[in-house]
Amino acid sequence: MTQEEDQNQSSSEIINGVNKRPLVEDSKANKAIDDSNDDLLVEFDSPSMKRLKKEETIYSTTYVKNLLNNTNELLSKKPSDEAFSQFQEILLSHLNFTLPSKDTRIYSYLKDTHNEISRILKQSIIQKESHSVITVGPRNSFKSFLINHELNLLSEEYQNQFITIKLNGFIHSENAAINGIATQLEAQLQRLHGSTPNEKDETEGENFVDDEEQEESTNISSGSLTEVFEKILRLLDSASREKVSTSEDDASETTKITVVFVFDEIDTFAGPVRQTLLYNLFDMVEHARVPVCIFGNTTKLNILELLEKRVKSRFSQRIIYMPQINDLDKFKMAIHEQLTIPENLDLNKDTKYAEQWESFVKSLLEDEESKLFQSVKTNYETFKSLTTFRNGMIPLISTASSFEELKEMLVVMNNLTNYNTNQLQASFSARVKSLSNLELAILICAARTALKSKDEAINFNLAYVEYKSMVKAMNSLIPSSTAAALNGNGNVLEHSMKLWSKKDVKNVWETLQALDFLTDRSAVGLRESAIAVFYASNYVLQGTNMPFDLRIYHNQVTLQELRRIVPTSSIYYSWTQL
């Protein structure tokens, strides 16, 4: 067998059925290779050229083989078991809370809060009572979820007896909120009646509407806040009489339509300016002839202290605090409820993997050596967030192609570990490690100043004085250049630490403020009056603007936390202890 035939046979063996014809037998390919190597001073039939040609053939055939293997692997990832596909779809819907409202599971620790919200909404919608409630809780504590879930349940049976108007303080200003109320109200009434009450009365000829009244009804959002709310009340009162005909007889009844306001971030309207929107909303609860229910969601524990006296007098003083998980066993129970399909789900009867999955998850949560238990424990000690754990589990469940692979991925938990690592990189500790030397020094000096002060309040002048004293103390411990010159060394080196000027450090101070290491005191402090809040927010003191050096801040990282974050090899590690 010649050398060329041996080469062709080896090429065919490498391809292994992908392409039985050797690539080097193509005359056009050989000519192309020969033409492309005309500039090389090597003959085509030389041993070096044959070796190069053989290597190119091996690389090209190996690339084709790997490409086909990757394609087959991707195609094999598609689940072939219809029962597992259904189970996977239901489990993902359960994690994303996209199941029907009657099949959605509420966490056990939220049952009491859910019952209270359900009772208030039923009293407003069914019994036609007026209520005002504020729910208080941190982010991702399921405030809006519980309210929307109960509204969806009630809409299945009492759809035509209430309308829902949703506002958000991060989106709406006072004027935008008025326009949003008018727009949503008109759309909801048109959904119930097919047209607005004024249009309906005009078409039927029951009531004569003047041109001025018609223009006033069409422009609901025009005018002052008080005038707009009066128009809204008249519109609600005219729309409250809905004719209901029963199947037995054609007797008509009059019923009132309940208006439910869901106001997210309600604390944004409790500012130093006149709280006209909140006053009119809560006043509707007291004096409107139609039942009104207001749910305000906020993260501020001191929401009542932010309200004006006239607003607080209209509010019912009913506040619902969202419960928090303070026990690892309860957190494990919530994770078990999150990862398993509800038992009352109708689709669960056709799924054979539900019971096996529930027992498997329960066994892993009870085993303290399992990766799932360790991930749950890490989440409880760091984030304590069911939403963060859910976001890490969704890719794990969605990428599994079989039930056995899903169980294996739950045992290894690589996806969730990588997700938690990425989340921790955005923490305060990661931001501290990313600071420059001067930024780290100023942050440590600010923490030292806050620890020395009585109310933990700091300003730029105090932090710079601390920084200046620390630099001088460190330079006093370093041998000076004069001592080095006395030793007979001709090369004088400056070993002391540079003391930056106040102008340069001021830019660093602004950088720390932009990174949320420093918080303006007016953002967290309480004021006795709206004028005091205005002065504190705009740095106005006795008719004059407060200088930049005297503005009060609070440090978000304590000195003890910095001592655990700053590495021991840093020159500023000794500064982290008083």
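Residues numbered from 1 in each chain as written. Predicted model: local features only at pLDDT ≥ 70, side-chain atom pairs only at ≥ 80, totals over all residues. Heavy atoms only, no water.

A. Spatial organisation of the overall build of the chain. Regarding its fold elements, the chain presents 27 helices and 12 strands. When the 578 residues of the chain are sorted by exposure, 40% land in the buried category. In the form shown here, the chain has an accessible surface area of approximately 33,000 Å², with 49% of it arising from carbon and sulfur atoms. (Helix = DSSP H or I, 4+ residues; strand = E, 2+ residues; numbered from the N terminus. Buried < 20%, exposed > 50% of the residue type's maximum accessible area, 1.4 Å probe, protein only. Areas by Shrake-Rupley, 256 points an atom, 1.4 Å probe, with all protein chains shown as cover.)

B. Quick look at the sheet that holds strand 8 (residues 457-458). Taken in spatial order, the three strands make up an open sheet running 8-12-9, and their pairing is antiparallel. Pairing within the sheet leaves two strands with one partner each, and these edge strands are strand 8 and strand 9 (518-520). Pairing of strand 8 with strand 12 (residues 553-555), which is carried by two bridges, proceeds in the antiparallel orientation. Its bridge partner being in strand 12, Ile-458 is matched across the sheet by Tyr-553. Those strands touched by helix 24 (residues 502-514) are strand 8, strand 9 and strand 12, and its axis lies near 80° from that of strand 9. (Pairing = 2+ DSSP bridges. Contact = heavy atoms within 4.5 Å. Axes fitted to C-alpha atoms, helices over the stretch in contact; angles between N-to-C directions.)

C. Summary view of the side chain of Asp-267. Within the secondary structure, Asp-267 is located in the loop between strand 5 (258-264) and helix 11 (276-287). Lys-300 is the oppositely charged side chain nearest to the buried, salt-bridge-free Asp-267, at an N-O distance of 4.9 Å. Apart from residues no more than four positions distant in its own chain, Asp-267 is found in contact with Thr-298, Thr-299, Lys-300 and Ile-303. (Lys, Arg positive; Asp, Glu negative; His and termini not counted. Salt bridge = Lys/Arg side-chain N within 4 Å of Asp/Glu carboxyl O.)

D. Representation of helix 7 (residues 174-193) in the model. With 20 residues, helix 7 extends 28 Å between its outermost C-alpha atoms, agreeing within 8% with the 28 Å of an ideal straight helix rising 1.5 Å per residue. By the burial criterion, the buried members of helix 7 are Ala-177, Ile-178, Gly-180, Ile-181, Ala-182, Leu-185, Gln-188, Leu-189 and Leu-192. (Expected span 1.5 Å × (residues − 1).)

E. Spotlight on the sheet that holds strand 6 (residues 292-298). Judged by pairing direction, the sheet is parallel, and its five strands sit side by side in the order 2-5-6-1-7 without closing on themselves. Each having just a single partner strand, strand 2 (162-168) and strand 7 (318-321) make up the two edges of the open sheet. Taken over all neighbouring pairs, the strand axes of this sheet differ in orientation by 20° on average, direction set aside. Contacts from helix 5 (residues 111-125) reach strand 1 (131-136), strand 2, strand 5, strand 6 and strand 7, with the element oriented near 150° to strand 6.

F. Summary view of the packing of helix 17 (residues 386-398) against helix 18 (residues 403-412). At a closest axis distance of 9 Å, the pairing of helix 17 and helix 18 adopts a crossing angle of 145°. The way helix 17 lies across helix 18 gives a crossing that is right-handed. Counting all contacts with helix 17, which are made through Met-393, Leu-396 and Ile-397, the residues of helix 18 involved are Leu-406, Met-409 and Leu-410. Along the lines of polarity and charge, the residues of the contact of helix 17 with helix 18 split into six nonpolar, no polar and no charged. (Left-handed = near helix turned anticlockwise from the far one by under 90°. Nonpolar A, V, L, I, M, F, W, Y, C, P; charged D, E, K, R; others polar.)

G. Region of the structure containing the nonpolar core. Ranked by internal contacts, the top residues of the largest apolar core, which has 55 residues, are Phe-87, Leu-372, Met-393 and Leu-410. When residues of this core are assigned to their parent elements, the largest contribution, seven residues, is made by helix 4 (residues 82-95). Setting aside anything within four residues of it in sequence, one finds Met-393 in contact with Leu-339, Leu-410, Met-413 and Leu-416. Grouped together as the second largest cluster of nonpolar side chains are 39 residues, Leu-235, Ile-257, Leu-281 and Leu-307 included. (Core = buried A, V, L, I, M, F, W, Y, C linked by side-chain atoms within 4.5 Å.)

H. Quick peek at the pattern of salt bridges. Under the counting rule described, the total for this entry stands at six salt bridges. For Glu-308, the salt bridge goes to Arg-310, with nearest N and O atoms at 3.2 Å. Through salt bridges that share partners, Arg-448, Lys-452 and Glu-466 make up one connected network.

I. Unusual backbone geometry, seen in detail. Backbone geometry places Asn-140, a non-glycine residue, at a positive phi of 60°. We classify Asn-140 as exposed; its relative accessible area is 53%. Phi at Phe-142 takes a positive value of approximately 70°, unusual for a residue other than glycine. Overall, the relative accessible area of 11% leaves Phe-142 in the buried class.

J. Spatial organisation of the packing of aromatic side chains. Counted under the stated rule, the structure contains 21 aromatic pairs. Seen from their ring centres, Phe-87 and Tyr-353 are 6.2 Å apart, and the 55° between their planes marks the pair as tilted. In this pair, Phe-87 sits in helix 4 while Tyr-353 sits in the loop between helix 14 (328-339) and helix 15 (354-366), placing the two residues 266 residues apart along the sequence. Given the relative accessible area of 0%, Phe-87 is considered buried. Residue Tyr-353 is classed as buried on the basis of its relative accessible area, which comes to 10%. (Phe/Tyr/Trp six-rings, centres within 6.5 Å; stacked < 30°, edge-to-face > 60°.)

K. Structural view of the environment of Leu-233. Note on placement: Leu-233 falls in helix 10 (residues 225-239). On the accessibility criterion, Leu-233 (30% relative accessible area) is partly exposed. Spatially, the C-alpha atoms of Leu-233 and Ala-288 are 6.9 Å apart, while their sequence positions differ by 55 residues.

L. A look at helix 22 (residues 460-476). Along its 17 residues, helix 22 runs 24 Å from first to last C-alpha, staying within 8% of the 24 Å computed at 1.5 Å per residue. Buried within helix 22 are the following residues: Phe-460, Ala-463, Tyr-464, Glu-466, Tyr-467, Met-470, Val-471 and Met-474. An end-on view of helix 22 places all buried positions within 160° of arc, on one side of the element. Seen from the open side of helix 22, the exposed residues pointing more than 90 degrees away from its buried face are Val-465 and Ser-476. The inward-facing, buried residues of helix 22 contact helix 21 (437-452) and helix 24. Two or three places before Asn-461, at the opening of helix 22, Asn-459 has a side-chain oxygen 3.3 Å from that residue's backbone nitrogen. (Arc of directions from axis to C-beta. Polar contact = N/O pair within 3.5 Å; in protein donor to acceptor, adjacent residues only side chain to side chain.)

M. Just the confidence of the model for the chain, in detail. Mean pLDDT over the chain stands at 76; residues scoring 70 or higher make up 68%. Below pLDDT 50 for its whole length, residues 74-79 participates in eight contacts with residues either more than four positions away or in separate chains. (pLDDT = per-residue confidence, 0-100.)

N. Quick look at the pairing of strand 2. Of all seven residues in strand 2, six are buried; the element is thus mostly enclosed. Summarising the sheet, strand 2 and strand 5 pair through seven bridges and their orientation is parallel. The partner of Phe-162 across the bridge, within strand 5, is Thr-258.

O. Representation of the packing of helix 14 against helix 16 (residues 371-381). Where helix 14 contacts helix 16, the axes come no closer than 10 Å and their chain directions differ by 120°. Viewed along their axes, helix 14 and helix 16 adopt a mutual orientation that is oblique. Here helix 14 and helix 16 pass one another in a crossing that is right-handed. Between helix 14 and helix 16, the residues in contact are Leu-328, Phe-331, Lys-332, Ile-335 and Leu-339 and Leu-372, Phe-373, Val-376, Lys-377, Asn-379 and Tyr-380, respectively. Split into classes, the residues belonging to the contact of helix 14 with helix 16 amount to eight nonpolar, one polar and two charged. (Parallel < 35°, antiparallel > 145°, perpendicular 65-115°, else oblique.)

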